[in-house]
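This is what each chain is made of:
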Amino acid sequence: MTSSSTTLPPTRKGYIITGRAAHERISRLFSNLLHQSNDDGTTKWVDLSPYAKRDQTTSTAAATTTGQAEEESETSVAFLWENSTRSNTKPIRDTVQVYSHLPYGTAILDDKWVLARLLGDASTVPHARHVHDDDIATNGGSAVDYGENNDAEEGKAAPNKELKCTQQQHEQHLATLESHCFRGSDFCTFVKRVGLLPKNDAGDNVASQCSLSSNIDDTEERRYQFEDLMRPFDANASDQTTAEPITNVVPPPTPSNLWVIKDAMSNGAGGIWIVDPSNISEFLDFDDDQEQYNTSILHPTHRYIAQRYAWPPTLHRGRKCHVRVYGCINSKGEAYVHKRAFLHVANDTFEYIQDTNIAGGRQRFESSVHITNCCANSHDVGKFAGEICADLTKTCGLDDVAGETEDVPLGKYFPSISASVAALAQRSAPFLRGGQANNGFEYLGMDFVLSSVPQSTSDRSKRVPVAYLLEVNAPPSQDTATGLTHAETLHDEVITDLLRMCVLPELGIASRECGGWICVHKPEKDEDSRDTNQAVVPSKAAFVNRVRWALFERKAAKQYERSWCQLNRRPSGNKCESSTHSLDHDAFVRFIRSQFPYFSPSHERRAGTVFLESGGGAQVPQVVMDAVVASMSNRDRSVLGADCQQKARRALLSLLTGREAESYVDSSHQNIVIMGPNATSLLEDLAQRCFEGILKEGDEIVIASENHFANVLPWVTLAKKVGARVKWWTVTDTKKDFCNDSTLQHVTESSVLSELVTSKTKLVAVSHASNILGCVRLIPSICRLVHHKTKNQGHVVVDGVAAAPHMLSLDVFHMTDPSTSPDFYVVSLHKLFGPHMGCLIAKKSSLLKLLNSSCKSDVSLYKSLERGTMNYEACAAACALKKYFHIIANESKKLMSFGSEEFPNEKGLTRESRLMHQTVNSLECPSSPIHENTKCYVHFMQTATIAIQNLEARLVNRLLHRLHQSSPLVRIIQDPGHQQVGYQVNLPVDKQAIFRLPIVCFVHSNILSSRIVEHCRSHGVVCRACTFLSTDRFWKEMGIGDSDVVRFSMAHYNTTDDVDRAVEVLEMIDDWD
């Protein structure tokens, strides 16, 4: 029977889910929910994601007809999900019906610094706070009161669960860790404030100080403290010592002052340090000149968070663990927690080991006992516990422990977890406003570490479970770490419930169902002004939220400083973070780009070009070009030749070491400059003309596997010629031909340099920074080790080509201790914004020893390695290069801000700030008389390098973050963190990697690197792909295979817009994500 009325065609609505992993899961779940809904046929949903379009075109020819293409182009996007914002979705974000972010939500919720400001307990008073509750359920049943929904069937989620907790109850359950926010340059200030700095300020070694508290000696009490989730202790039992732990390992005693230091921009298990009084000396160097401590471990401009170690950690089968909890905050300010969670477990038992490498056998932790990150632990199949499912709504007694395949019951921790999420929602609310127009929400992955605290100070026998929020990912990965069925099912359940709660109702598809989501926070009507923001455009609201946060951050920094002043725990002049020097980055980079003709707006052909190939050859500033032209305009060899060479030597020596030749009191410690056509030829000549005469059969050469081939081939060739033995300092933790002989004579490769260097070692060839990894090595420590173990018979040759453009070499050449300086340091000026010329800085005493001479003049030493007539135009350019860095230093003075004071009292500054303050107040131009003072000149050059590193830190952090977010198929080639100079204590990552240069290499799982570069260059992004003259050994260690890598190498003239543009171009490639 045919209806007489006309049937209207269905309304077409589209949805977009960006990111391949997100699309594969969410699109499938969303489609399933659409099929399950009571669809009346009035709406037709179309997947407009790029992946879906390509899939459709392969299924049928009809799918590519003009009619369907027109219909698809007219389909409005109603639902947009993206993990990280993309430029091509910007036009539709404000108009969709549902969007997977709140205005400025990712910047607030996905930042460790912000989390510490909002929930860290040191923001007002620097003491940890644990609030306990006598009514927390710990013995069977459920720890959650669901109000009207508490009649739900066991094991099934009750709809629209709401936790009946008042604000006061949340505050009772809330547990926070003492947290501190600081820049790397302020690390020593933090150390002083929390009592980690040695009381002996004379720079004495404090490694022998014990970090263990002596007030907890009872083994059984310690066993009770360390509750194990697989055999929990009954808090109400009369005899607490009767329950046995899951392992026979005696838990360690309480440390006195244990801290976790985190790089605010790092992800996963990287960028984390464990610090206590026993190992703080490894982070500090005493500066005799300044009579204070400094650190070379943390990058001076990076943001860091310090948190007290959550003690005692709750264990799982004797190993430390953390809980991955899923949460959600919507545009109404409501916060939800899903009842299902993951438990992630460390690979090794939580116990101290006896350190036989340290005198006295000090006890220490292996770094692996702290690392609970799944991706970091999954490599060890024998120890990896996998992704363990947990339930936040169930608890059990001692006899009801979950089985191997059941969810671990964590219900007794839920009140503390929900209190933290509620506090996060409430405190972040002012910075997340304006998301009602597109029904925004934030999907959160939160990491909690579980612990317990005494119920009262008078009765230590009863303890209360607590959970500390450590980190938030907004959003978390939609993929699993293992791909196991139970993990995939949990992910599906959480995201399906999220779609039912936040997406389907707003799209008019189905009524709201919470499933496993439990409401833990609803804002009061007067909590914020959300009702007045209904008409606010989300993109404009994001800008306002950003301003609100900037004002709050400034206020929080000042409040933090005041709290320390009031407690008299520091001199009132010392300042951290916002109160220290800051640089107007945008103004500074505009000035720098104005010095380079390459970036001139007048070059229309290069307009919009993004130059990311400075590692192959940097652009040249105008002042250097002018010097070359001037030299060629007046060529008179007899008058200008020798003088030009000497000026170039002096300029390069002072630029790279901060010292003139005349400043050396002891001429044996003097450095001289050898010039040549390039770094490669200088290293070849050094091997053939100097080392060939002293090396003999049986001697040893140690080579870093990460070296450029130019610092490998000459030494391997020489070793074969004379019969010397080659050892490899590897980047990965691998050893071959290992012998337990204490002399270590049989170790031929190791990630620990001290295992390789012996009395037979005559040469150690290393890189200041790898041209692939971009990781800076601590050269002074390397030199000290080599010179000490070889009794000054071993020589250190450093390739500084990759590092010098970003930090010169001022940290390498020590004024007072020549044993910490390399014997030879080579640089390529064409990568240092100068001409095509090589420069070898040689320690005069070492060169004389190699040449077997004690009376040769400097001129004779030059001729021993220099060939033919020098390039005078390049010499003139080298002199001008020094002038360019002077220009940078002087300009940074003009743009430097010291908070409310233009130039504060010098005593109130950190070391880096004080150096800047000294130089910018006394130097107006390169001809200033203060250049006669060596220390002041070093400070002057540090002004330039600190300003450069300020700019470059922003670039590399942004690029790493954008690449991580752009596609799960991208692998960034990063330092594995195994390479060490000597055994380090309590360092999960490599102490010798000071910081990362703006050099980032990566590969794509499905796209050839050559194709990526071709695409980038066709879109105005200049980059390269190859092996960059790395060794085959290094390629195998990194597991790269036979493929090339794409390299983005930046310099201080690059901008954050360059980074954004480059990643946007990458995301345009088919099959990128």
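Refer to the structure presented above.
In this report, the structure presented in the accompanying data block is examined. Within each chain, residue numbers correspond to sequence positions counted from 1 in written order. Given that this is a predicted model, residues contribute local features only at a pLDDT of at least 70 and side-chain atom pairs are listed and counted only at 80 or more, while totals for whole chains, interfaces and linings are drawn from all residues. The basis for every side-chain value is the complete set of non-hydrogen atoms in the structure, without hydrogens or water.

**Brief notes about the overall build of the protein**
Thinking step 1. For the purposes of this entry, the term helix denotes a DSSP run of H or I that reaches at least four residues, the term strand denotes a run of E that reaches at least two, and both are numbered from the N terminus. Helix and strand counts for the protein stand at 28 helices and 41 strands.
Thinking step 2. Here the open area of atoms and residues is found with the Shrake-Rupley method and a 1.4 Å probe, where only the protein chains shown may cover a residue. When the accessible surface of the protein is totalled, it reaches about 43800 Å², and 48% of it is carbon and sulfur.

**Overview of helix H6 (residues 112-119)**
Thinking step 1. When a residue's accessible area, from a 1.4 Å probe over protein chains only, is under 20% of the maximum for its type it is buried; when over 50% it is exposed; and in between it is partly exposed. With eight of its eight residues buried, H6 lies for the most part within the structure.
Thinking step 2. All of the buried residues in H6 are Lys112, Trp113, Val114, Leu115, Ala116, Arg117, Leu118 and Leu119.
Thinking step 3. Pairing of N or O atoms within 3.5 Å defines a polar contact, subject to two protein rules: one partner must be a possible hydrogen donor and the other a possible acceptor, and residues neighboring in sequence count only if both atoms are side-chain atoms. Among the residues of H6, the N-terminal cap falls to Asp111, whose side-chain oxygen and the backbone nitrogen of Trp113 are separated by 2.8 Å.

**Focus: a positive patch on the surface**
Thinking step 1. Like-charged residues are merged into a patch within 9 Å and nonpolar side chains (Val, Leu, Ile, Met, Phe, Trp, Tyr) within 5 Å, provided each residue has over 30% relative accessible area and no salt bridge. For this analysis, a salt bridge means a side-chain nitrogen from Lys or Arg found within 4 Å of a carboxyl oxygen belonging to Asp or Glu. Just so you know, the count uses Lys and Arg for positive and Asp and Glu for negative, and it drops His and the chain ends. Charge positions come from single atoms, namely NZ of Lys, CZ of Arg, CG of Asp or CD of Glu. Among the surface-exposed residues, Arg554, Lys555, Lys558 and Arg562 lie close enough to one another that they form a single positively charged patch.
Thinking step 2. Locating Arg562 in the fold gives a position in helix H13 (residues 538-566).

**Concerning helix H15 (residues 622-633)**
Thinking step 1. The span you would expect from a helix comes to 1.5 Å times its residue count less one. Over its 12 residues, H15 extends 16 Å from the first C-alpha to the last, a length consistent with the 16 Å expected when each residue adds 1.5 Å.
Thinking step 2. For H15, the full list of buried residues reads Val623, Val624, Ala627 and Ser631. For H15, the buried positions fall inside an angular range of 100° around the axis, keeping them on one side. H15 presents Val629, Met632 and Ser633 as exposed residues on the side facing more than 90 degrees away from its buried surface. Taking the helix axis as origin, the arc is that swept by the directions to the C-beta atoms.

**Focus: the pairing of strand S23 (residues 517-521)**
Thinking step 1. When you tally the buried positions in S23, you get five out of five residues, the bulk of the element.
Thinking step 2. By the bridge criterion, four bridges tie strand S16 (residues 335-345) to S23 in an arrangement that is antiparallel. Following the sheet pairing, Val337 is matched in S23 by Ile518. A pair of strands is considered paired only if DSSP assigns at least 2 bridges between the two.

**Re the packing of H6 against helix H11 (residues 414-428)**
Thinking step 1. Between H6 and H11, whose axes approach to 10 Å, the crossing angle comes to 100°. One finds that H6 runs roughly perpendicular with respect to H11. Touching Leu115, Leu118 and Leu119 of H6 are Ser420, Ala423, Leu424, Arg427 and Ser428, all from H11.
Thinking step 2. Charged means Asp, Glu, Lys or Arg here, nonpolar means Ala, Val, Leu, Ile, Met, Phe, Trp, Tyr, Cys or Pro, and polar covers whatever is left, Gly included. Of the residues assigned to the contact of H6 with H11, the class counts are five nonpolar, two polar and one charged. The axes used here are C-alpha line fits, helices contributing only the stretch in contact, and every angle between their N-to-C directions lies in the interval 0 to 180 degrees. Throughout, the term roughly parallel applies to angles under 35 degrees, roughly antiparallel to angles over 145, roughly perpendicular to angles from 65 to 115, and oblique to all others. We call two residues in contact whenever any of their non-hydrogen atoms come within 4.5 Å of each other.

**Some points on the side chain of His370**
Thinking step 1. Among the structural elements, His370 can be located in the loop between strand S18 (363-365) and helix H10 (374-377).
Thinking step 2. The class of His370 is buried, set by a relative accessible area of 9%.

**Focus: the pattern of salt bridges**
Thinking step 1. A complete count under the given rule lists 30 salt bridges for this structure.
Thinking step 2. One salt bridge connects Arg954 with Asp586, and the closest N-O pair in it is separated by 3.7 Å. Taken together, the residues Arg954 in helix H25 (residues 934-966) and Asp586 in helix H14 (residues 585-594) connect sequence positions 368 residues apart.
Thinking step 3. Residue class for Asp586 comes out partly exposed when judged on its relative accessible area of 43%.
Thinking step 4. Between Arg593 and Asp1058 there is a salt bridge, with its nearest N and O atoms 3.6 Å apart. Linking Arg593 in helix H14 with Asp1058 in helix H28 (residues 1056-1067), this pair joins segments that are 465 residues apart in sequence.
Thinking step 5. Here Asp1058 falls in the buried class, since its relative accessible area comes to 7%.
Thinking step 6. Each of Arg25, Arg28, Glu488 and Asp492 takes part in one network of salt bridges that share partners.

**Here's the deal with the sheet that holds strand S4 (residues 98-99)**
Either a parallel or an antiparallel arrangement is found when strands of a sheet pair, and the pairing is made through backbone hydrogen bonds.
Thinking step 1. Spatially, S2-S1-S3-S4 is the arrangement adopted by the four strands of the open sheet, whose pairing is parallel. The open sheet terminates on both sides in strands that have one partner only, identified here as strand S2 (43-47) and S4.
Thinking step 2. Where strand S1 (residues 11-17) lies against S2, five bridges are found, and the strand directions are parallel. Bridging across to S2, Thr11 finds its partner in Thr43.
Thinking step 3. On top of the sheet, helix H1 (residues 20-36) reaches S1, S2 and strand S3 (76-81); it is set at about 150° to S1, its chief contact.
Thinking step 4. Against the sheet, helix H12 (residues 485-507) makes contact with S1, S2, S3 and S4, and its axis sits at roughly 160° relative to S3, the strand it touches most.

**Things to note about the packing of helix H17 (residues 679-689) against helix H18 (residues 713-722)**
Thinking step 1. Running from N to C, H17 and H18 point in directions that differ by 20°, and their axes come no closer than 9 Å. Viewed along their axes, H17 and H18 adopt a mutual orientation that is roughly parallel. Relative to H18, the crossing made by H17 is right-handed. Contacts from Leu683, Glu684, Leu686 and Ala687 of H17 reach H18 at Pro714, Trp715 and Leu718.
Thinking step 2. Its residues assigned to classes, the contact of H17 with H18 shows six nonpolar, no polar and one charged. Crossings are assigned a handedness: left-handed for a near helix turned anticlockwise from the far helix by less than a right angle, right-handed for a clockwise turn.

**Describing the environment of Pro103**
Thinking step 1. Among the structural elements, Pro103 can be located in the loop between S4 and helix H5 (105-109).
Thinking step 2. Sequence separation between Pro103 and Val544 is 441 residues, and the spatial gap between their C-alpha atoms is 9.1 Å.
Thinking step 3. In this structure Pro103 touches Phe431, Leu432, Arg433, Gly434, Gly435, Pro538, Ala541, Ala542 and Asn545, once residues within four positions along its chain are discounted.

**Structural notes on unusual backbone geometry**
Thinking step 1. Here the amide bond leading from Trp311 into Pro312 is cis, since omega sits at 0°, within 30 degrees of zero.
Thinking step 2. Here the residue pair Ala474 and Pro475 is connected by a cis peptide bond, since its omega of -5° sits within 30 degrees of zero.
Thinking step 3. As for its position among the elements, Pro475 is in the loop between strand S22 (463-473) and H12.
Thinking step 4. For Tyr104, which is not glycine, the phi dihedral falls at a positive 65°.
Thinking step 5. In this structure, Tyr104 sits in the loop between S4 and H5.
Thinking step 6. Backbone geometry at Phe1028 places phi at a positive 55°, although glycine is not the residue there.
Thinking step 7. Looking at the secondary structure, you find Phe1028 in the loop between strand S40 (1024-1026) and helix H27 (1032-1037).
Thinking step 8. Residue Phe1028 is classed as buried on the basis of its relative accessible area, which comes to 5%.

**Let's talk about the state of the cysteines**
Thinking step 1. We call a pair of cysteine sulfur atoms a disulfide whenever their separation is within 2.5 Å. Within this structure, the stated rule accounts for zero disulfides.
Thinking step 2. Looking at the unpaired Cys875, the closest cysteine sulfur is the one in Cys644, lying at 4.7 Å.
Thinking step 3. Overall, Cys875 belongs to the buried group, its relative accessible area being 0%.
Thinking step 4. Cysteine Cys1023 shares no disulfide, and the gap to the nearest cysteine sulfur, in Cys1016, comes to 4.2 Å.
Thinking step 5. Taking the relative accessible area as the measure of exposure, Cys1023 reaches 0% and is therefore buried.

**Re the pairing of strand S28 (residues 725-729)**
Thinking step 1. As paired strands, strand S27 (residues 700-704) and S28 are joined by five bridges and run parallel to one another. Residue Ile701 lies in a different strand from S28, and its bridge partner there is Val726.
Thinking step 2. Look down the strands so they point away from you; if the path from the first strand over the helix to the second goes clockwise, the crossover is right-handed. Each parallel crossover has a hand, and the one from S27 via H18 to S28 is right-handed.
Thinking step 3. Across two bridges, S28 lies against strand S29 (residues 749-750) in parallel orientation. Note that in S29 the partner of Trp729 across the bridge is Ser750.

**Comments concerning the sheet that holds strand S41 (residues 1045-1049)**
Thinking step 1. Taken together, the four strands give an open sheet; going across it, the order is S36-S38-S41-S40, and neighbouring strands pair in antiparallel fashion. Two strands bound the open sheet, and with one partner strand each, they are strand S36 (970-972) and S40. Across the sheet, the axes of successive neighbouring strands diverge by a mean angle of 35°, strand direction being ignored.
Thinking step 2. By the bridge criterion, four bridges tie strand S38 (residues 999-1004) to S41 in an arrangement that is antiparallel. Residue pairing for S41: Ile999 is matched across the bridge by Ser1049.

**Concerning the packing of aromatic side chains**
Thinking step 1. We call Phe, Tyr and Trp rings a pair once their centres come within 6.5 Å, taking the six-membered ring for Trp, and we label the pair stacked below 30 degrees between planes, edge-to-face above 60, and tilted otherwise. All chains considered together, the criterion is met by 34 aromatic pairs.
Thinking step 2. Look at Phe431 and Trp549: their rings are 5.2 Å apart centre to centre, the planes differ by 90°, and that puts the pair in the edge-to-face class. Residue Phe431 is located in the loop between H11 and strand S21 (441-454), and its partner Trp549 is located in helix H13; the two are separated by 118 residues in the primary sequence.
Thinking step 3. Overall, the relative accessible area of 4% leaves Phe431 in the buried class.
Thinking step 4. Where Tyr598 meets Phe599, the ring centres are 5.1 Å apart and the plane angle is 85°; that geometry is what we call edge-to-face. Phe599 carries the same exposure label as Tyr598, and that label is buried.
Thinking step 5. Each member of the aromatic cluster is reached from another via a ring pair, and the members are Phe596, Tyr598, Phe599, Phe611, Phe833, Tyr884, Phe885 and Tyr1053.

Distances and angles like these do not, on their own, reveal function.
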